[in-house]
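Given next are the chains, with one letter for each unit.
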Amino acid sequence: MVVDIRTWEQTFQELIQEAKPWAKWTLKSDANLQLDCLAHGWKQYQQRAFGWFRCSSCQRSWASAQVQILCHTSWEHWTSQGQVRMRLFGQRCQKCSWSQYEMPEFSSDSTMRILSNLVQHILKKYYGNGTRKSPEMPVILEVSLEGSHDTANCEACTLGICGQGLKSYMTKPSKSLLSHLKTGNSSPRIGAVYIPNQGKNPSAETKEAKGRGYEELGPSRDPDPLNICVFILLLVFIIVKCFTSE
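What you see is a predicted model, and the numbers here were worked out from it, not measured in a lab.

1. Quick word on the sheet that holds strand 1 (residues 24-29)
Within the open sheet, the 4 strands sit side by side as 1-4-3-2. Their pairing is mixed. With one partner strand each, in any of the chains shown, strand 1 and strand 2 (43-54) form the two edges of the open sheet. Mean inter-strand twist for the sheet, computed between neighbouring axes without regard to direction, equals 25 degrees. Examined bridge by bridge, strand 1 and strand 4 (residues 81-88) share 6 bridges and lie parallel to one another. From the neighbouring strand, Lys 24 faces strand 4, where its bridge partner is Gln 81.

2. Quick look at the state of the cysteines
Applying the stated criterion across every chain yields a total of 0 disulfides. Unpaired in terms of disulfides, Cys 55 finds its nearest cysteine sulfur in Cys 58, a separation of 3.7 Å. Not engaged in a disulfide, the cysteine Cys 96 finds its nearest cysteine sulfur in Cys 58; these two sulfurs lie 3.5 Å apart. Taking the relative accessible area as the measure of exposure, Cys 96 reaches 19% and is therefore buried.

3. Some words on a nonpolar patch on the surface
On the surface, Ile 228, Phe 231, Ile 232, Leu 235, Val 236, Ile 239 and Val 240 cluster together into a nonpolar patch covering about 630 Å² of accessible area. Along the chain, the position of Val 240 falls in helix 6 (residues 225-245).

4. A look at the packing of helix 1 (residues 5-19) against helix 2 (residues 108-126)
Two elements in contact, helix 1 and helix 2, have axes whose closest approach is 10 Å; the angle formed by their N-to-C orientations is 45 degrees. The orientation of helix 1 with respect to helix 2, classified from their angle, is oblique. For the crossing formed where helix 1 meets helix 2, the hand is right-handed. On helix 2, the residues touching Trp 8, Thr 11, Phe 12, Leu 15, Ile 16 and Ala 19 of helix 1 are Thr 111, Met 112, Ile 114, Leu 115, Ser 116, Leu 118, Val 119, Ile 122 and Leu 123.

Here is what the cut-offs are and how they apply
Residues numbered from 1 in each chain as written. Predicted model: local features only at pLDDT ≥ 70, side-chain atom pairs only at ≥ 80, totals over all residues. Heavy atoms only, no water. Pairing = 2+ DSSP bridges. Helix = DSSP H or I, 4+ residues; strand = E, 2+ residues; numbered from the N terminus. Axes fitted to C-alpha atoms, helices over the stretch in contact; angles between N-to-C directions. Disulfide = S-S within 2.5 Å. Buried < 20%, exposed > 50% of the residue type's maximum accessible area, 1.4 Å probe, protein only. Patch = residues over 30% accessible without salt bridge, like charges linked within 9 Å, V, L, I, M, F, W, Y side chains within 5 Å. Areas by Shrake-Rupley, 256 points an atom, 1.4 Å probe, with all protein chains shown as cover. Salt bridge = Lys/Arg side-chain N within 4 Å of Asp/Glu carboxyl O. Parallel < 35°, antiparallel > 145°, perpendicular 65-115°, else oblique. Left-handed = near helix turned anticlockwise from the far one by under 90°. Contact = heavy atoms within 4.5 Å.

The following block contains the structure:
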């Protein structure tokens, strides 16, 4: 749903008046808001939300749970009148070169969450005494997301506003690794990590190799007794022959 600031303001006023019927607040869009650049007496509020984007060039669409929303708020105590200036930060298409920042779109549930959190912030900051305090509603993923936040194409990240710019996500193991583990293929190489074959204990293999070496290099068996007797008789014959010739 494309953001209609008038519809947002109406819903925002209704939520405020449920808690403070006499309060009067306005909500305006301001594309020039800057982080920590506040006029005197103004307060700052920042939140993130789940939103959708569509590229105006290729019509590609994508979802993000890191849509940043910056608000500046001001309240006049004597008149019970307040105002909110809001800026939504865009994202660019990954596929298109020189793409522009596209503005986010929100579902009705996400819109209600954004405005409810804003109202809770206002009630806490300006009507703190005697006001029922509720925790901020968390971001709810409307679809499953894969990979990390695209900081290069996030407007809030380039301006140093996106507090979740460096957040990483768990990724599933690759199918190739799972197939190696299931089929028992030996010594698969995954990136730069080498996984040795675990079929045998390395120490057992070393002992086995040493044993084979000792068997091959060890002394031969004892000589045959018959050969010894023949050798002795031959030696005696030579000696006798020498004495007889003299």
